[in-house]
Number of protein chains: 2
Amino acid sequence: MFQSFKDIADPSKGKPRVAQLRKQLKTRKLAAFLVPRADEYQNEYVPPDAERLFWLTGFTGSAGMAIVAGKSAALFVDGRYTLQAPEQVDTSVFDILQTPQNTPSDWIKKHLKKGDMLGYDPKLHTIKAVEQLQKSAGDVGVCLTAQHENLVDSIWKDRPAAPRAAISLHPLEYSGEPASKKISSIQRLLRKSKSSAAVLTLPESIAWLLNIRGGDVPHTPLPLCFAILPAKGKPELFIAPRKLSPSVRKALAKDVTLREPEALSASLASLGKAGAKVQLDPERASQWFADQLKQAGAEFVLQSDPCIALKSKKNKVEIAGTRTAHKRDGIAMCRFLAWLDANALTGKLDEIKSAKKLETLRKQTGELKEISFETISGAGANGAIVHYRVSESSNAPLKSGSLYLVDSGAQYLDGTTDITRTVPVGEPTKDMRRHFTLVLKGHIAISAARFPKGTRGVDLDPLARMALWNAGLDFDHGTGHGVGSYLSVHEGPQSISKRGMVALKPGMILSNEPGYYREGAYGIRIENLELVTPLRKVKGGTRPMMGFETLTLAPIDHRLIDVLLLTRDELKWLNAYHARVLKVIGSELKTKDKAWLEQATRPLEAK
Amino acid sequence: MFQSFKDIADPSKGKPRVAQLRKQLKTRKLAAFLVPRADEYQNEYVPPDAERLFWLTGFTGSAGMAIVAGKSAALFVDGRYTLQAPEQVDTSVFDILQTPQNTPSDWIKKHLKKGDMLGYDPKLHTIKAVEQLQKSAGDVGVCLTAQHENLVDSIWKDRPAAPRAAISLHPLEYSGEPASKKISSIQRLLRKSKSSAAVLTLPESIAWLLNIRGGDVPHTPLPLCFAILPAKGKPELFIAPRKLSPSVRKALAKDVTLREPEALSASLASLGKAGAKVQLDPERASQWFADQLKQAGAEFVLQSDPCIALKSKKNKVEIAGTRTAHKRDGIAMCRFLAWLDANALTGKLDEIKSAKKLETLRKQTGELKEISFETISGAGANGAIVHYRVSESSNAPLKSGSLYLVDSGAQYLDGTTDITRTVPVGEPTKDMRRHFTLVLKGHIAISAARFPKGTRGVDLDPLARMALWNAGLDFDHGTGHGVGSYLSVHEGPQSISKRGMVALKPGMILSNEPGYYREGAYGIRIENLELVTPLRKVKGGTRPMMGFETLTLAPIDHRLIDVLLLTRDELKWLNAYHARVLKVIGSELKTKDKAWLEQATRPLEAK
């Protein structure tokens with residue numbers, strides 16, 4: 001299993017660990033210290049040796065920050081985690097505060113005083129975050145002070161070793177473009193903007209650029225490393241040598257100069273000596289890089305990581321790959337849904353069994369490298385918790401008269417998948433069907449949208465909500481995130497959300513996942529991945545338009561659809577989608593599963 | 001007439017005036033000088049003595065900037081004016097460059113060299129604009145240098161005097177809230193943010209705050225003035241004394257300390273001496289204010305003008321007023337549309353005659369204070385020019401088989417209106433009807449939208465476009481702008497557009513004006529004003545929702561609607577709207593006009 005269902009949080013550890021941390025505060029004459037969830041790569045998934053926030057507090061969420069002062073301590077989490085955090089964390093030690101209503105800045109103003117020293121680890125905070133902290137600390141006369149040994153590290157006795165997963169080459173049949181060509185493209189951009197070099201601090205950017213993959217963090221094939229890409233000449237790659245087999249080392253050495261991670265400081269310093277103009281991403285690179293370059297006298301240009309925009313537009317080979325990956329994943333999903341249907345009412349299924357079965361079926365494809373994130377397997381009321389993670393203690397049975405929501409994905413060499421289906425266990429209520437159909441209308445509105453060049457995710461997001469808005473409902477998450485190619489399942493810069501300010505471009509992959517959540521009762525989400533695609537001109541049309549090709553192939557549950565609520569066009573979309581699912585997947589299934597799929601994809605008729 | 005149709009542009013003046021300006025450049029040792037369209041209040045409409053850009057170049061557009069160097073000169077205009085500018089401006093003197101594809105920054109980099117001095121008038125550029133100019137000038141070693149006498153003013157011999165229209169009090173029956181209460185509200189905000197004062201540089205903010213109106217610029221009842229609002233105590237109002245009658249002076253003196261405009265510098269300086277923390281709006285206040293305060297040693301906080309957000313949410317009295325104003329304006333519009341219908345095919349109508357007739361009918365209400373902007377009266381192909389201004393030379397007849405677009409508005413004491421209608425002259429083509437119906441679908445989508453708290457204009461804008469997008473079409477302007485209460489017809493911060501990042505709040509008024517423009521053939525736009533309004537809960541709804549109350553009352557032309565393209569709900573909206581127009585306006589019309597309205601608002605049936 002690529003996932004565990006153990007209850008890993010243990011609130012009782014918080015108290016003694018915070019006490020130890022406070023001793024450190026005293027020794028270092030600090031009033032407080034910041035412990036963010038982030039690692040030095042600003043990864044979404046962090047390796048075990050970087051799980052400082054979890055170690056200190058017990059909190060397992062994917063975002064958050066603690067501040068520990070001499071007598072007070074707080075844990076800041078966003079709306080996704082306000083229920084989860086108090087269950088995992090000793091609330092007699094930490095005040096749990098929800099962002100953005102509460103901010104670390106406000107806390108600093110309230111709990112620290114003029115002249116206090118506030119410590120932070122410059123490797124764990126982005127340049128922009130430090131700028132903001134500096135401002136709010138400055139407002140009250142608190143001095144933000146970099147700590148070159150992290151206070152948590154100095155008390156974390158059994159801290160795991162840094163990961164050292166082997167690097168593999170991501171071959172041309174999947175990447176579609178040699179590293180040398182990608183390097184040249186970025187170098188052209190650097191020369192155009194008159195930069196001498198870019199410092200690459202995101203493992204996913206480096207993985208894309210050099211066509212390599214690793215295994216240093218869960219669920220995403222990232223090689224933890226840094227790189228310096230000069231406007232001319234060979235990039236330097238800073239990576240632990242033990243991650244490289246002789247053959248990988250040889251292949252990589254064609255395109256890059258390999259260096260030990262310890263050499264990074266010196267290389268940054270020599271950029272400074274050369275008076276280089278260095279690009280650094282203020283929202284993604286840590287303050288440590290800015291400090292090093294500044295010290296060395298380099299001029300630096302704050303600009304987005306130049307790999308991000310190119311990586312987001314998948315090339316033909318990557319697009320062909322993702323289609324194959326989605327067909328493979330669709331077969332596993334259809335087998336899973338058929339199994340679920342056959343067993344849901346036996347009373348024997350629960351969230352963990354179902355998640356395990358799905359992972360097993362994916363493994364049976366013979367191609368599964370990892371799951372792309374921890375499966376959200378939510379029965380009944382658990383389905384209403386948007387970022388639910390099932391554990392042995394929360395594990396709920398699938399009960400008749402309830403809904404079951406499963407949001408999961410896979411990492412294959414040829415593509416990353418992410419799909420959510422919601423199915424009824426037994427007979428659904430009228431409300432369940434109504435809510436599901438409203439969510440489906442939003443899903444179809446996105447999938448069937450035609451939109452001109454320049455359209456951003458923010459311009460599409462409302463289409464997913466209109467049907468819900470008309471019913472006085474809404475959902476509190478974005479409609480879709482970008483997805484990588486055998487890389488991060490959450491990939492920028494594109495998104496369909498209120499913050500999606502980047503224009504969509506052909507080749508981008510996005511999720512389309514509107515939902516509806518009735519707290520304490522059930523959750524509904526319908527998610528397919530969509531590929532941005534140029535569309536043929538319609539008669540009379542004057543502008544080139546784009547739209548989506550749906551990549552995900554698995555039926556959307558008929559039993560939850562109230563056909564009366566669908567327009568003719570929506571029904572047409574649904575029937576065409578199901579016909580395609582049957583056509584592509586049907587012939588790959590054995591008799592029983594095929595019969596199930598035929599039934600699940602039969603055309604619905606207007607009433 | 002509140003509008004003139006004279007051809008005011010005269011390209012031949014550009015050459016000699018630029019030659020004079022170049023002499024000034026030499027005298028002052030400047031390499032170039034910036035001439036923006038803006039005045040020192042950043043007004044949309046500027047008084048005649050501030051029409052420097054027009055005087056120098058002949059360009060009459062509402063936005064733009066010229067740069068004049070020793071041998072080259074450029075005029076920067078946006079997409080609205082790329083056709084108009086070359087007709088008004090001597091292109092042998094000025095290169096006409098379209099923003100944002102071309103920027104003054106690029107021009108500076110190309111035409112100026114290291115060590116060059118670039119002059120600008122600090123009263124005419126916002127703090128933010130100067131910051132950007134400084135950056136791009138700095139990049140190439142050009143020195144941006146403030147000129148305390150504007151170069152244009154020093155050569156403009158027959159420059160008109162500054163306007164001195166009398167100030168009137170805007171009584172409580174229209175404003176709904178005494179100035180003293182508004183002042184206290186803003187002062188509470190200032191104290192909350194620990195500011196000692198706000199400098200108010202927008203006449204519309206001051207007009208709102210003090211319940212006064214003026215007449216210093218066309219079409220908007222603005223009193224040109226500045227104010228300093230301290231967190232405690234009486235505001236200072238800097239205004240030419242000759243604008244104040246004894247009674248107005250007496251009334252105003254209750255709430256403010258009246259000062260001559262020349263006293264402004266000294267008051268800013270004394271803020272500095274007192275070590276005040278002063279709020280200044282970086283996007284709306286000129287650099288001059290920042291310079292003065294900096295010199296005086298004041299600390300300043302860059303923040304939006306605090307009046308803007310409060311002004312945008314109309315109170316109950318203002319809402320009642322705008323309803324009355326729209327009923328009055330609707331009567332004039334219905335009389336106009338009836339007249340147009342009766343005369344369109346006579347062959348005697350043209351754009352100017354029609355615009356004059358409409359103004360006359362508005363004047364006959366007995367309440368017209370001004371038109372709220374120059375009427376866009378576009379027949380045939382002129383209708384496709386989004387910001388068309390009819391002049392004697394462009395004036396086109398209304399021809400059978402064409403469309404006529406008229407976008408106009410009025411200033412009444414109780415409210416500001418803005419309405420666009422498109423009508424067929426004779427028999428419309430199938431394409432005209434199809435395009436009109438697509439635009440109507442977008443208009444209805446906005447008008448009928450239900451949306452939750454926090455929804456911004458950017459989230460609604462796409463609803464106005466979806467029907468067009470599906471047909472491969474779009475329009476290149478925002479869907480709607482904010483509207484003031486007997487103030488600016490273009491009022492921030494709210495808008496329905498790609499840049500509309502402000503959450504809509506009950507009481508805001510916005511235009512809803514999607515369009516379609518077929519270059520060289522016809523233009524279509526349907527515009528009503530909409531009031532943001534809380535909606536009653538629908539059954540099963542869990543969230544409080546908002547929607548729009550349509551303020552504008554005038555028929556939408558049936559002859560241009562293809563009922564087959566409308567959904568049942570859209571048709572229902574149309575018929576309900578027309579029933580309301582007839583109910584509210586019908587009884588106010590004389591027999592002939594009433595008969596026309598009955599015909600124009602009869603319910604359409606689904607086919």
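Anything mentioned here points back to the structure above.
Report on the accompanying structure. Fair warning: this is a prediction, and the values are worked out from it, not measured in the lab. (Residues numbered from 1 in each chain as written. Chains lettered and ligands numbered in written order. Predicted model: local features only at pLDDT ≥ 70, side-chain atom pairs only at ≥ 80, totals over all residues. Heavy atoms only, no water.)

### Let's talk about the overall build of chain A
Each helix and strand in chain A was counted, giving 20 helices and 28 strands. Rg of the C-alpha trace for chain A: 25 Å, near the compact-globule value of 25 Å for 607 residues, within the 12% margin. Seen through its principal axes, chain A has C-alpha atoms that stretch 70 × 55 × 50 Å. Looking at chain A as a whole, 58% of its 607 residues are labelled buried. Considering only contacts in chain A between residues 6 or more positions apart, those separated by 24 or more positions represent 71%. (Helix = DSSP H or I, 4+ residues; strand = E, 2+ residues; numbered from the N terminus. Rg over C-alpha atoms; globule rule 2.2 N^0.38 Å. Buried < 20%, exposed > 50% of the residue type's maximum accessible area, 1.4 Å probe, protein only. Contact = heavy atoms within 4.5 Å.)

### Regarding the pattern of salt bridges
What the rule picks out here adds up to 70 salt bridges over all chains. The salt bridge partner of arginine 389 of chain A is glutamate 374 of chain A, with a shortest N-O separation of 3.0 Å. Here glutamate 374 of chain A lies in the loop between strand E15 (370-371) and strand E16 (376-379) and arginine 389 of chain A lies in the loop between E16 and strand E17 (402-408), a separation of 15 residues in the sequence. A salt bridge links lysine 314 of chain B to glutamate 491 of chain B, with the nearest nitrogen and oxygen atoms 2.5 Å apart. Placement of the pair is lysine 314 of chain B in the loop between helix H13 (306-312) and helix H14 (316-343) and glutamate 491 of chain B in strand E23 (residues 491-496), with a sequence separation of 177 residues. Grouping residues by exposure puts lysine 314 of chain B and glutamate 491 of chain B together as buried. Among the ionic contacts, a cluster of salt bridges with common partners joins Asp49, Arg52, Asp153 and Arg159 of chain A. (Salt bridge = Lys/Arg side-chain N within 4 Å of Asp/Glu carboxyl O.)

### Some words on the sheet that holds strand E19 (residues 415-416) of chain A
Residue and element names in this part refer to chain A. The 3 strands are arranged E15-E18-E19 in an open sheet whose pairing can be described as antiparallel. A strand with exactly one partner marks an edge of an open sheet, and here the two such strands are E15 and E19. Examined bridge by bridge, E15 and strand E18 (residues 410-412) share 2 bridges and lie antiparallel to one another. Bridging from a neighbouring strand, isoleucine 371 pairs with alanine 410 of E18. Docked against the sheet, helix H14 (residues 316-343) engages E18 and E19, running at close to 130° with respect to E18. (Pairing = 2+ DSSP bridges. Axes fitted to C-alpha atoms, helices over the stretch in contact; angles between N-to-C directions.)

### Quick word on the nonpolar core
Ranked by size, the top nonpolar core spans 158 residues in total, and within it Phe336 and Leu460 of chain A together with Phe336 and Leu460 of chain B carry the most contacts. Leaving out residues up to four positions away in the same chain, phenylalanine 336 of chain B has contacts with Ser354, Lys357, Leu358, Leu361, Tyr404 and Val406 of chain B. (Core = buried A, V, L, I, M, F, W, Y, C linked by side-chain atoms within 4.5 Å.)

### Focus on the pairing of strand E6 (residues 143-146) of chain A
Residue and element names in this part refer to chain A. Examined bridge by bridge, strand E5 (residues 117-120) and E6 share 4 bridges and lie parallel to one another. Following the sheet pairing, tyrosine 120 is matched in E6 by alanine 146. Between the parallel elements E5 and E6, the chain passes through helix H5 (residues 127-139) in a crossover that is right-handed. (Right-handed = clockwise from strand over helix to strand, strands pointing away.)

### Digging into the interface of chain A and chain B
Residue-level contacts link 30 residues of chain A with 30 residues of chain B. Taken together, both faces of the contact between chain A and chain B bury some 2,500 Å²; the carbon and sulfur share is 53%. For lysine 498 of chain A, the salt bridge is made with aspartate 459 of chain B, and the minimal N-O distance between the two is 3.6 Å. Between chain A and chain B we count 8 residue pairs in polar contact (both at pLDDT 80 or more) in total. Grouping the amino acids of the side of chain A that touches chain B by side-chain chemistry returns 15 nonpolar, 6 polar and 9 charged. (Buried area = accessible area lost by both parts, 1.4 Å probe. Polar contact = N/O pair within 3.5 Å; in protein donor to acceptor, adjacent residues only side chain to side chain. Nonpolar A, V, L, I, M, F, W, Y, C, P; charged D, E, K, R; others polar.)

### Regarding the relation of the copies chain A and chain B
Note: a rotation about an axis with an accompanying shift along it relates these two copies of the chain. In screw terms, the move from chain A to chain B is a rotation of 180° and a rise of 0.1 Å along the axis, fitting with an RMSD of 0.0 Å. In the structure described here, the two chain copies are related by an operation that fits a two-fold rotation axis. No C-alpha of chain A approaches the rotation axis more nearly than that of aspartate 459 of chain A, which lies at 3.3 Å. Mapped onto chain B, 100% of the interface residues of chain A again fall at the interface, so both copies present the same surface. (Least-squares fit on C-alpha atoms with pLDDT ≥ 70 in both.)

### Some points on the packing of aromatic side chains
All names here are of chain A. One pass over the full model with this rule turns up 16 aromatic pairs over all chains. Both rings, one in tyrosine 41 and one in phenylalanine 226, keep their centres 4.6 Å apart while their planes meet at 20°; by these two values the pair is stacked. Pair noted here: tyrosine 41 is in the loop between strand E1 (32-36) and helix H2 (52-57) and phenylalanine 226 is in strand E10 (residues 226-230), with a separation of 185 residues, a long-range link. On the basis of relative accessible area, phenylalanine 226 is assigned to the buried category, the value being 8%. Taken together, the ring pairs in this structure connect Tyr41, Phe226, Trp288 and Phe289 into an aromatic cluster. (Phe/Tyr/Trp six-rings, centres within 6.5 Å; stacked < 30°, edge-to-face > 60°.)

### Overview of the side chain of aspartate 216 of chain B
All names here are of chain B. Here aspartate 216 shows up in the loop between strand E9 (212-213) and strand E10 (226-230). Within the local environment of aspartate 216, its side chain forms a polar contact with the backbone nitrogen of leucine 224, the two atoms lying 2.8 Å apart. Separated by 2.5 Å, the side chains of aspartate 216 and lysine 243 make a polar contact. Residues contacting aspartate 216, with those up to four places away along its chain left out, are Pro47, Pro163, Arg164, Ala165, Leu222, Pro223, Leu224 and Lys243.

### Side note on the packing of helix H11 (residues 264-273) of chain B against helix H12 (residues 287-296) of chain B
Residues and elements named next belong to chain B. Two numbers describe how H11 lies on H12: the axes approach to 7 Å, and their chain directions differ by 45°. Considering the angle they form, H11 stands oblique to H12. For the crossing formed where H11 meets H12, the hand is right-handed. Contacts between H11 and H12 involve Leu264, Ser265, Leu268, Ala269, Leu271, Gly272 and Lys273 on the former and, on the latter, Trp288, Phe289, Gln292, Leu293 and Ala296. Residue composition of the contact of H11 with H12, grouped by class: 8 nonpolar, 3 polar and 1 charged. (Parallel < 35°, antiparallel > 145°, perpendicular 65-115°, else oblique. Left-handed = near helix turned anticlockwise from the far one by under 90°.)

### Examining unusual backbone geometry
The residue after glycine 492 of chain A, namely proline 493 of chain A, is reached through a cis peptide bond having omega 0°. Relative to the helices and strands, proline 493 of chain A resides in strand E23 (residues 491-496). The peptide bond linking threonine 99 of chain B to proline 100 of chain B adopts the cis configuration, its omega dihedral lying at 0°. Looking at the element boundaries, proline 100 of chain B is found in the loop between strand E4 (95-98) and helix H4 (104-111). With a phi close to 60°, lysine 29 of chain B is a non-glycine residue in the positive phi region. Structurally, lysine 29 of chain B is set in the loop between helix H1 (14-27) and strand E1 (32-36). Look at lysine 29 of chain B and you get exposed, because its relative accessible area is 68%.

### Focus: the sheet that holds strand E14 (residues 299-302) of chain A
All names here are of chain A. Across the sheet, 6 strands lie side by side as E12-E11-E10-E8-E13-E14; this open sheet has mixed pairing. Strands with a single pairing partner mark the edges of an open sheet, and in this sheet they are strand E12 (257-259) and E14. Each strand axis lies, on average, 20° off the axis of its neighbour in the sheet, ignoring direction. Running at roughly 25° to E10, helix H11 (residues 264-273) makes contact with strand E8 (197-200), E10, strand E11 (236-238), E12 and strand E13 (277-280) of the sheet.

### Looking at the packing of helix H8 (residues 179-192) of chain A against helix H9 (residues 203-210) of chain A
Residue and element names in this part refer to chain A. Between H8 and H9, the least distance of the axes is 7 Å, while the angle of their chain directions is 120°. Taken together, the axes of H8 and H9 lie oblique to each other. Across from Ala179, Lys182, Ile183 and Ile186 in H8, the residues of H9 making contact are Trp208, Leu209 and Leu210. Partitioned by chemical class, the residues of the contact of H8 with H9 number 6 nonpolar, no polar and 1 charged.

### So, the state of the cysteines
By definition, a disulfide links the sulfur atoms of two cysteine residues through a covalent bond. Residue and element names in this part refer to chain A. All chains considered together, the criterion is met by 0 disulfides over all chains. Unpaired in this structure, cysteine 225 has its nearest cysteine sulfur neighbour in cysteine 307, at a distance of 11 Å. Look at cysteine 225 and you get buried, because its relative accessible area is 1%. (Disulfide = S-S within 2.5 Å.)

### Side note on the pairing of strand E2 (residues 65-69) of chain A
All names here are of chain A. For E2, a buried count of 5 out of 5 residues is recorded, marking the element as mostly surrounded by other parts of the structure. Judged by which residues are buried, E2 turns out to be covered on both faces: Met65, Ile67 and Ala69 on one side and Ala66 and Val68 on the other are all buried. Two elements, E1 and E2, share 5 bridges in a ladder whose sense is antiparallel. In the strand pairing of E2, alanine 32 is matched with alanine 69.

### Concerning the environment of leucine 133 of chain B
Residue and element names in this part refer to chain B. Within the secondary structure, leucine 133 sits in helix H5 (residues 127-139). Residues leucine 133 and leucine 34, spaced 99 residues apart in sequence, show a C-alpha to C-alpha distance of 10 Å. Residue contacts for leucine 133: discarding those within four places in its chain leaves Leu34, Ile108, His125 and Leu144.

### Side note on a positive patch on the surface
Together, Lys181, Arg188, Arg191 and Lys232 of chain A give the surface a local cluster of positive charge. Structurally, the position occupied by lysine 181 of chain A is in helix H8. (Patch = residues over 30% accessible without salt bridge, like charges linked within 9 Å, V, L, I, M, F, W, Y side chains within 5 Å. Areas by Shrake-Rupley, 256 points an atom, 1.4 Å probe, with all protein chains shown as cover. Lys, Arg positive; Asp, Glu negative; His and termini not counted. Charge placed at Lys NZ, Arg CZ, Asp CG, Glu CD.)

### What about the environment of glutamine 101 of chain A?
With respect to the helices, strands and loops of the structure, glutamine 101 of chain A is situated in the loop between strand E4 (95-98) and helix H4 (104-111). Once the C-alpha coordinates of glutamine 101 of chain A and glycine 79 of chain A are considered, the two residues, 22 residues apart in sequence, prove to be 9.7 Å apart.

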